[in-house]
Every structure is written in structure tokens, then in C-alpha cells.
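Listed here are the chains, written in short residue letters.
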Amino acid sequence: EELLVFDLPGGALSDMAELNETLTARDLVDAHRECGRRFVVLLPITPLLASISSLLTAIELFGPDADYLVVKNMAAGKEEDFILWQDGILNRHGQHIGGKARAALGAANGRILELPALNAGSYARIDALGLSFTEALSSPLLPLSQRLSCRRWLHAWTGQLDTIADWLALPAGYRWTI
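Residues numbered from 1 in each chain as written. Predicted model: local features only at pLDDT ≥ 70, side-chain atom pairs only at ≥ 80, totals over all residues. Heavy atoms only, no water.

## Some details on the sheet that holds strand E5 (residues 111–115)
Our working rule: At least two DSSP bridges between two strands are required for those strands to pair. Only DSSP runs of H or I with at least four residues qualify as helices, and only runs of E with at least two residues qualify as strands; both kinds are numbered from the N terminus onward. Fitted lines through C-alpha atoms serve as axes, helices being fitted only where they are in contact, and the angles separating the N-to-C directions of these axes extend from 0 to 180 degrees. Residues are treated as being in contact if the distance between any of their heavy atoms lies within 4.5 Å.
Across the sheet, which stays open at both edges, the 3 strands sit in the order E1-E2-E5 with parallel pairing between neighbours. Each edge of the open sheet is held by one strand with a lone partner, namely strand E1 (40–45) and E5. Neighbour to neighbour, the strand axes of the sheet diverge by 20° on average, direction disregarded. Where strand E2 (residues 67–73) meets E5, 5 bridges bridge the pair, whose relative direction is parallel. What sits directly across from Val 71, in E5, is Leu 113. In the packing of helix H3 (residues 49–62) onto the sheet, the strands contacted are E1 and E2, and the crossing angle to E1 comes to about 165°.

## A look at the nonpolar core
How we decide: Each nonpolar core is a collection of buried residues, namely Ala, Val, Leu, Ile, Met, Phe, Trp, Tyr and Cys, held together in the definition by side-chain atoms within 4.5 Å. A 1.4 Å probe rolled over the protein chains alone gives each residue an accessible area, and that area as a share of the maximum for its type sets the label: buried under 20%, exposed over 50%, partly exposed in between.
Among the nonpolar cores identified, the biggest contains 23 residues, and Val 41, Leu 55, Ala 58, Phe 62, Ala 66, Tyr 68 and Trp 85 are the most heavily contacted of them. For this core, the secondary structure elements donating two or more residues are helix H1 (13–16), helix H2 (25–34), E1, H3, E2 and helix H4 (100–107). Those residues in contact with Val 41 that sit more than four places away from it in its chain are Ala 58, Phe 62, Ala 66, Asp 67, Tyr 68 and Leu 69. Counting 16 residues, the second largest nonpolar core, distinct from the first, contains Leu 118, Leu 131, Leu 142 and Trp 167.

## Here's the deal with a negative patch on the surface
Cut-off, in case you're wondering: Nonpolar side chains (Val, Leu, Ile, Met, Phe, Trp, Tyr) are joined into patches within 5 Å and like charges within 9 Å, using only residues with over 30% relative accessible area and no salt bridge. Method for areas: the Shrake-Rupley scheme with a 1.4 Å probe, in which residue coverage is limited to the protein chains shown. A pairing counts as a salt bridge when a side-chain nitrogen of Lys or Arg comes within 4 Å of a carboxyl oxygen of Asp or Glu. Counted as positive: Lys and Arg. Counted as negative: Asp and Glu. His and the chain ends are not counted at all. Where a charge sits is defined by one atom per residue type, namely NZ (Lys), CZ (Arg), CG (Asp) or CD (Glu).
A cluster of acidic residues, Asp 27, Asp 30, Glu 34 and Asp 65, forms a negative patch at the surface. Its location among the elements puts Asp 65 in the loop between H3 and E2.

## What about the side chain of Lys 72?
Stated precisely, the cut-off is as follows: Within 3.5 Å is the distance limit for a polar contact, defined as a pair of N or O atoms, with the added protein rule that one can donate a hydrogen and the other accept it, and that residues adjacent in sequence qualify only through two side-chain atoms.
In this structure, Lys 72 sits in strand E2. A polar atom in the side chain of Lys 72 sits 2.8 Å from the side chain of Glu 79. When neighbours within four sequence positions are excluded, Lys 72 is seen to be in contact with Ile 45, Glu 79, Phe 82, Trp 85, Gln 86, Ile 112, Leu 113, Glu 114 and Leu 115.

## Considering the pairing of E2
Quick note on the threshold: Seen with the strands pointing away from the viewer, any crossover whose path from the first strand over the helix to the second strand runs clockwise is right-handed.
Of all 7 residues in E2, 6 are buried; the element is thus mostly enclosed. In this structure, E1 lies alongside E2, joined through 6 bridges in parallel fashion. Looking across to E2, one finds that Pro 44 is bridged to Val 71. Of the crossover connections in this fold, the one passing from E1 over H3 to the parallel E2 is right-handed.

## Some thoughts on H3
Structural remark: α-helix, 3.6 residues per turn; residues separated by three or four positions point the same way. The cut-off we apply is this: One less than the residue count of a helix, multiplied by 1.5 Å, gives the span that helix is expected to have.
Between its first and last C-alpha, H3 extends 20 Å over 14 residues, near the 20 Å set by a 1.5 Å rise per residue. Taken together, the buried positions of H3 are occupied by Ser 51, Ile 52, Ser 54, Leu 55, Ala 58, Ile 59, Leu 61 and Phe 62. If you follow the buried residues of H3, they end up packed against H1, H2, E1, E2 and H4.

## Digging into the pattern of salt bridges
Enumeration according to the criterion identifies 5 salt bridges in this entry. The residue Arg 33 makes a salt bridge to Asp 67 at a minimum N-O spacing of 3.2 Å. Here the residue Arg 33 occupies a position in helix H2, and Asp 67 occupies one in strand E2, the gap between them amounting to 34 residues. Among the residues examined, Arg 33 registers a relative accessible area of 32% and is labelled partly exposed.

## What to know about the packing of aromatic side chains
The condition is simple: Pairing of aromatic rings covers Phe, Tyr and Trp, the last counted by its six-membered ring, and requires centre-to-centre distances within 6.5 Å; plane angles under 30 degrees mean stacked, over 60 mean edge-to-face, and any other angle means tilted.
A full pass over the atoms with the stated rule returns 4 aromatic pairs. With a centroid separation of 5.5 Å and 40° between ring planes, the pair formed by Phe 39 and Phe 62 is classed as tilted. Taken as a pair, Phe 39 in the loop between H2 and E1 and Phe 62 in helix H3 lie far apart in primary sequence, 23 residues in all. In this pair, the class of Phe 39 matches that of Phe 62, namely buried. Here the aromatic rings of Phe 133 and Trp 153 are separated by 4.6 Å at their centres, their planes lie at 45°, and the arrangement is tilted. Of this pair, Phe 133 sits in helix H6 (residues 133–136) while Trp 153 sits in helix H7 (residues 144–162), placing them 20 residues apart in sequence.

Worth remembering: the numbers are spatial, not functional.
Written as C-alpha cells, this is what we have:
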């Protein structure tokens, strides 16, 4: 299978509803499937309701023939902070808020990855210096502790990516170079 990655800016899901007068997001999925490509919708989420609810919007837009991958950004909170992803909560009127997106992902046979949190100080310095994460591993501009922190983070993240090697069209036995 061929892998194509489209990185869309936040909030772009609403733009995908109608790509033009006659083309919808489902048409885009169908076109890629007909060409033998897997169409994976990757949605990073935080514990916030709007972020989590974007999955429901995506499933409605792209339909059942797309594959769905949720990436929980653990820098935004701990597991227990994702309560709206888990069971949801009741508001002061007794209305249930949240909890639907995870069930919808399960019904769509989607997958979940956890993007581990990188130490905030290390991340800030890497960003400010304009380094890629692999460049950060050996950069003399970072203290040893931050280089090691980045290495640990990359190992954790690539371990997560290994669980979706089939969706990434990685060859059998592929090993990340870190």
C-alpha cells in the first residue's frame, strides 16, 4: 500500500464538509480507496470537549470507509484528565457530556495511540533552537539531560507507532533509527 500524509490545520474539518460544489470528504476517501490507498484520518486530541468531539465530526464527514486513528496528546494531561474521552460527565442540568467519541471510534474499528509528554523545558528549548527531535539527540546546544529526555521520548513514541506499522505501510521488521 502507498502512504500519503496530509497535514491539515486545526479547525480544517469544517472545510472538508464540501470540498467544492460536488465533491465531499467521502468522495475523497472513495477516490483514494479506488487507487489502492488506505485513507487514515488522524486526530490528535486533548482532554477538551471540542478536541474530542472532532472525532465525531470526522467520522460523519469521511464515513465508514476511512480508517480512524486518535492520538491522545499526553502533554495536555494525565490519563484521568481525559474524562470526556472515557465516560463523560453530567452537567448541572443532568445532561451527559462526552463519552460518545470513544464509543464511535470503537464502532469504526479505529485505533488509539498515546503521544507521550516530552519534558516541557526540553521541548521549549528544542523548539526555540529550531531542532528536529533527531537533531536534538546529539545537539551540543542542549544539556545532556535534555538530550537523554528527548531520546527516551522518541523511544516511547516510536513504540506507539510500531503498533500501527500496517497503517503506516512500513515493511515487515521495520526499525526506527534513533
